[in-house]
Amino acid sequence: MKTTCDALILGLGAIGSAALYQLAKQGQKVLGVDQFSPPHIYGSSHGETRIIRQAIGEGEGYTPLSVRAYELWKEIEGYSGQRLFTQTGGLVIDNGSSKKYIAQTDFFTNTVTSAKKYHIPHHLLNANELRYQFPQFNVNDNAKGFYEYTAGFLYPEQCITSQMTLAKQHGAIIHKNEKIEYFRQTPYSTVYVKTNQGHYEVKNLILCAGSWISQLLNPSYSHLFTPTRQISFWFGIRDNLDYFSPQTCPIFIMKGIDQPFYGFPAIQGLEKGVKIARGNFGDSTGADTINRHVSPKEISNMFQGISRYLPGLDARCIKTATCLYTLTPDNHFIIDWYPEIPSVLLVSPCSGHGFKYSAAIGEVVAQLVMNGSSECDISRFGLSRFNP
Ligand SMILES: Cc1cc2nc3c(=O)[nH]c(=O)nc-3n(C[C@H](O)[C@H](O)[C@H](O)COP(=O)(O)OP(=O)(O)OC[C@H]3O[C@@H](n4cnc5c(N)ncnc54)[C@H](O)[C@@H]3O)c2cc1C
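So, here's what we can say about the structure. The model shown is predicted, which means the values in this text are computed figures rather than measured ones. (Residues numbered from 1 in each chain as written. Predicted model: local features only at pLDDT ≥ 70, side-chain atom pairs only at ≥ 80, totals over all residues. Heavy atoms only, no water.)

**Comments concerning helix 2 (residues 63–80)**
Next, step 1: In a regular helix each residue adds 1.5 Å, so 18 residues correspond to 26 Å; helix 2 covers 25 Å between its end C-alpha atoms and thus fits that length.
Next, step 2: Turning to helix 2, its buried residues are Thr63, Leu65, Ser66, Ala69, Tyr70, Leu72, Trp73 and Ile76.
Next, step 3: The first or second residue beyond helix 2 is glycine 81, which carries a positive phi of 70 degrees. (Helix = DSSP H or I, 4+ residues; strand = E, 2+ residues; numbered from the N terminus. Expected span 1.5 Å × (residues − 1). Buried < 20%, exposed > 50% of the residue type's maximum accessible area, 1.4 Å probe, protein only.)

**Some details on the environment of serine 214**
Next, step 1: Among the secondary structure elements, serine 214 is positioned in the loop between strand 12 (199–207) and strand 13 (226–237).
Next, step 2: Spatially, the C-alpha atom of serine 214 lies 20 Å from that of proline 38, the residues being 176 residues apart in sequence.
Next, step 3: Discounting chain neighbours no more than four positions away, the residues touching serine 214 are Ser222 and Phe225. (Contact = heavy atoms within 4.5 Å.)

**Looking at the site of the ligand**
Next, step 1: Residues in close proximity to the ligand total 34 residues, the closest being Asp34, His40, Ser45, Ile51 and Cys323.
Next, step 2: Measuring from an oxygen atom of the ligand, one finds a side-chain N or O atom of serine 45 at 2.4 Å.
Next, step 3: Here an oxygen atom of the ligand sits 2.8 Å away from a polar atom, N or O, in the main chain of lysine 356.
Next, step 4: Within the complex, 97% of the 1000 Å² of free accessible area of the ligand lies under protein.
Next, step 5: Looking at the shell around the ligand, the elements with two or more residues in it are helix 1 (14–25), strand 3 (50–52) and strand 17 (313–327).
Next, step 6: Ranked by residue count, the leading element in the shell around the ligand is strand 17, at three residues. (Near = heavy atom within 4 Å. Polar contact = N/O pair within 3.5 Å; in protein donor to acceptor, adjacent residues only side chain to side chain. Areas by Shrake-Rupley, 256 points an atom, 1.4 Å probe, with all protein chains shown as cover.)

**A short note on the pattern of salt bridges**
Next, step 1: Taken as a whole and assessed by the stated rule, the structure comprises 12 salt bridges.
Next, step 2: In this structure, lysine 25 and glutamate 75 form a salt bridge, with 2.9 Å as the shortest nitrogen-oxygen distance. Taken together, the positions of lysine 25 in helix 1 and glutamate 75 in helix 2 put the pair 50 residues apart, joining distant regions of the chain.
Next, step 3: Glutamate 75 gets classed as partly exposed once you look at its relative accessible area, which sits at 26%.
Next, step 4: With a shortest N-O distance of 2.4 Å, glutamate 48 and lysine 319 are connected by a salt bridge. (Salt bridge = Lys/Arg side-chain N within 4 Å of Asp/Glu carboxyl O.)

**Focus: the packing of helix 1 against helix 5 (residues 156–169)**
Next, step 1: At their nearest, the axes of helix 1 and helix 5 sit 8 Å apart, and the two run at 25 degrees to each other. Looking at the two axes, helix 1 sits roughly parallel to helix 5. In the packing of helix 1 onto helix 5, the handedness of the crossing is left-handed. Residues Ala14, Ser17, Ala18, Leu20, Tyr21 and Ala24 of helix 1 form the contact with helix 5, whose own contacting residues are Ile160, Gln163, Met164, Leu166 and Ala167.
Next, step 2: A per-class count over the contact of helix 1 with helix 5 returns nine nonpolar, two polar and no charged. (Axes fitted to C-alpha atoms, helices over the stretch in contact; angles between N-to-C directions. Parallel < 35°, antiparallel > 145°, perpendicular 65-115°, else oblique. Left-handed = near helix turned anticlockwise from the far one by under 90°. Nonpolar A, V, L, I, M, F, W, Y, C, P; charged D, E, K, R; others polar.)

**Re the sheet that holds strand 6 (residues 122–126)**
Next, step 1: The eight strands lie next to each other as 6-7-5-14-15-16-13-17, forming an open sheet whose pairing is mixed. Edge positions in the sheet fall to strand 6 and strand 17, since each has one partner strand and no second. Going from strand to strand, the sheet's axes swing by 20 degrees on average, the running direction of each strand aside.
Next, step 2: Lying on the sheet, helix 6 (residues 296–307) is in contact with strand 13, strand 15 (261–263), strand 16 (274–277) and strand 17; it crosses strand 13 at an angle near 70 degrees. (Pairing = 2+ DSSP bridges.)

**Considerations on the nonpolar core**
Next, step 1: Of all hydrophobic cores here, the largest spans 49 residues; its most connected members are Ile9, Trp73, Ile206, Val347, Ile361 and Val365.
Next, step 2: Looking at this core, the element that brings in the most residues is helix 7 (residues 358–371), giving eight residues.
Next, step 3: Dropping the residues within four chain positions of it, valine 347 is found in contact with Ile15, Ile206, Leu207, Cys208, Ile334, Ile335, Ile361 and Val365.
Next, step 4: Among the nonpolar cores identified, the runner-up in size contains 31 residues, and Ile93, Ile299, Phe303 and Leu310 belong to it. (Core = buried A, V, L, I, M, F, W, Y, C linked by side-chain atoms within 4.5 Å.)

**Quick word on the packing of helix 2 against helix 5**
Next, step 1: In contact at an axis separation of 10 Å, helix 2 and helix 5 are set at 65 degrees when each is read in the N-to-C sense. Note that helix 2 runs across helix 5; the crossing there is left-handed. Across from Trp73, Ile76, Tyr79 and Ser80 in helix 2, the residues of helix 5 making contact are Cys159, Ser162, Gln163 and Leu166.
Next, step 2: In terms of residue class, the contact of helix 2 with helix 5 is made up of five nonpolar, three polar and no charged.

**Observations concerning the sheet that holds strand 4 (residues 85–87)**
Next, step 1: With respect to topology, three strands assemble into an open sheet ordered 3-8-4, the strand pairing being antiparallel. A strand with exactly one partner marks an edge of an open sheet, and here the two such strands are strand 3 and strand 4. On average, each strand axis in the sheet is tilted by 30 degrees relative to the strand beside it, whichever way the strands run.
Next, step 2: Judged from the three bridges that link them, strand 4 and strand 8 (residues 152–154) form a sheet pairing that is antiparallel.

**Quick notes on unusual backbone geometry**
Next, step 1: The peptide bond linking proline 38 to proline 39 adopts the cis configuration, its omega dihedral lying at 0 degrees.
Next, step 2: We note that histidine 119 has phi near 55 degrees; this positive angle belongs to a residue other than glycine.
Next, step 3: For histidine 119, a relative accessible area of 68% translates into the label exposed.
Next, step 4: Of note, asparagine 177 is a non-glycine position whose phi angle comes to about 55 degrees, a positive value.
Next, step 5: Of note, asparagine 177 is situated in the loop between strand 9 (173–175) and strand 10 (180–185).

Structural data, given as structure tokens:
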């Protein structure tokens with residue numbers, strides 16, 4: 001059997017499509033394989049919109065990756081001729097802390113710290129300023145706001161399609177609807193990859209399998225990747241108020257007294273509703289067995305939770321989507337070589353916040369494969385942090 005490519009990219013969601021493009025752009029011989037036909041609705045990368053921002057509440061260390069991603073999204077827009085990003089501004093509201101969600105107040109502080117450290121254009125608001133500038137939000141008297149001018153949203157399906165198209169133009173081969181069953185190291189330090197349609201021998205295998213990743217690894221790694229069920233809801237707008245068009249409404253993240261939630265302006269027209277979601281960091285599920293049915297109770301619970309903060313929305317749920325987060329134990333990414341097989345790279349940047357960086361993570365993958373190191377510091381994403 002002969003080596004068929006420099007790198008096989010397993011999975012063509014947000015991360016795999018970016019890695020495929022960046023490697024192909026560098027002249028690497030690459031093959032991308034996905035069990036479905038991306039972009040699809042079964043993983044973590046669908047649902048019309050993903051928030052992108054540079055002041056990062058999850059930790060200021062992410063900001064350089066986001067800054068680089070902005071450059072790359074712009075470049076990809078230029079090469080593909082497709083619109084991938086809309087700048088709406090971004091509003092983070094800390095609606096007053098409580099013991100129950102005290103950890104979430106760090107999100108606001110981290111956001112401000114990272115904006116100051118990296119000179120991200122922003123301004124801070126008190127409750128009255130929030131009410132005046134953003135009347136769509138009903139906030140408490142002790143609320144604080146952070147507004148980031150360059151935040152907005154990406155169109156995830158278009159991001160994936162554009163990068164796959166560009167990758168093909170650079171010579172990448174794409175196999176859709178082909179499932180990888182297992183892989184193992186060969187005596188020649190290459191990787192043997194068996195699929196439901198054939199087999200390959202490759203120099204590097206890049207695992208971008210999202211919530212399916214642990215199915216492919218030694219079971220001792222399973223606890224590092226927990227798929228959880230997520231729901232996005234599109235709620236109707238009372239009287240078609242123009243508070244929610246992309247011209248008037250920023251992307252928003254509200255943390256504070258109740259369970260945090262985030263949302264987007266009505267990007268498909270006011271009659272198609274406002275997308276709202278909250279991260280479910282609790283119940284785990286299987287990537288293949290996830291319940292895709294959203295019950296009326298789930299819809300009414302969600303509406304009850306958010307309606308007092310967004311009084312312009314009505315209880316009419318126009319549509320829902322289920323999606324998967326792949327959570328790591330500390331909710332930070334894992335990007336590292338697989339200790340069992342050194343030429344296999346694990347790339348799991350989800351925990352609910354990975355899309356915005358995916359173009360830059362694709363570049364990191366290309367640099368790791370070609371040079372053994374990356375320009376962006378990814379040391380915090382190593383597996384060793386879980387082995388004290
Ligand atoms: C509801 C929701 C909202 C989010 N909001 C944001 C946001 O606003 N901003 C943000 O930055 N991030 C956000 N995220 C996180 C972000 O979307 C994810 O980090 C990102 O999409 C992860 O992409 P991925 O490529 O790792 O996974 P996926 O998109 O799931 O891709 C994995 C791919 O691997 C394929 N695959 C798996 N196993 C095999 C196999 N054995 N053989 C072949 N193919 C295989 C799958 O078919 C799939 O296509 C959100 C996530 C969700 C679910």
